[in-house]
Amino acid sequence: MSRGGRSRGRRSGRPPFGGLLPWVLSVPARLHLRWLVIFVVTAAVMGLYARVLVTASPMPPSQAPAAPALDGNGSGSDASGDSSDK
């Protein structure tokens, strides 16, 4: 006789040797709900991240990166050596 003839459902009814936590964590796999659990966890994490992004305060203007001032020659640098602004 082959060993594969045994019912697999009997083993999943009682907690394994590892304890209660591994047994509880394996419930979605035993019920064939892996993708549902992955989807729910992913949606929850995305929702929390979206909430953080929406409720975050904006960056204060004093800490915003400064843009270089254009002096008209198109180079974008301030050190042109031109003293015509006096």
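Residues numbered from 1 in each chain as written. Predicted model: local features only at pLDDT ≥ 70, side-chain atom pairs only at ≥ 80, totals over all residues. Heavy atoms only, no water.

S.K.: Just to check I follow, could you spell out the overall build of the chain for this structure?
M.R.: From N to C terminus, the chain includes three helices and zero strands. Taken from the N to the C terminus, the helices and strands of the chain come in the order α-α-α. Per-residue burial for the chain yields a buried fraction of 0% across its 86 residues. Looking at the chain as shown, the accessible area adds up to about 8400 Å², and 64% of this sits on carbon and sulfur atoms. (Helix = DSSP H or I, 4+ residues; strand = E, 2+ residues; numbered from the N terminus. Buried < 20%, exposed > 50% of the residue type's maximum accessible area, 1.4 Å probe, protein only. Areas by Shrake-Rupley, 256 points an atom, 1.4 Å probe, with all protein chains shown as cover.)

S.K.: I'm lost on helix α3 (residues 34-55) in this one. Help?
M.R.: Residue pairs spaced three or four apart in an α-helix point in one direction, given the helix's 3.6 residues per turn. The first and last C-alpha atoms of α3 sit 32 Å apart over 22 residues, in line with the 32 Å expected at 1.5 Å per residue. Burial of α3 is sparse: only zero of the 22 residues sit out of reach of the surface. (Expected span 1.5 Å × (residues − 1).)

S.K.: Help me understand a nonpolar patch on the surface, please; the structure alone is not making it clear to me.
M.R.: On the surface, a cluster of nonpolar side chains totalling about 730 Å² of accessible area is made up of Leu31, Leu33, Leu36, Val37, Phe39, Val40, Val41 and Val45. Structurally, the position occupied by phenylalanine 39 is in helix α3. (Patch = residues over 30% accessible without salt bridge, like charges linked within 9 Å, V, L, I, M, F, W, Y side chains within 5 Å. Salt bridge = Lys/Arg side-chain N within 4 Å of Asp/Glu carboxyl O.)

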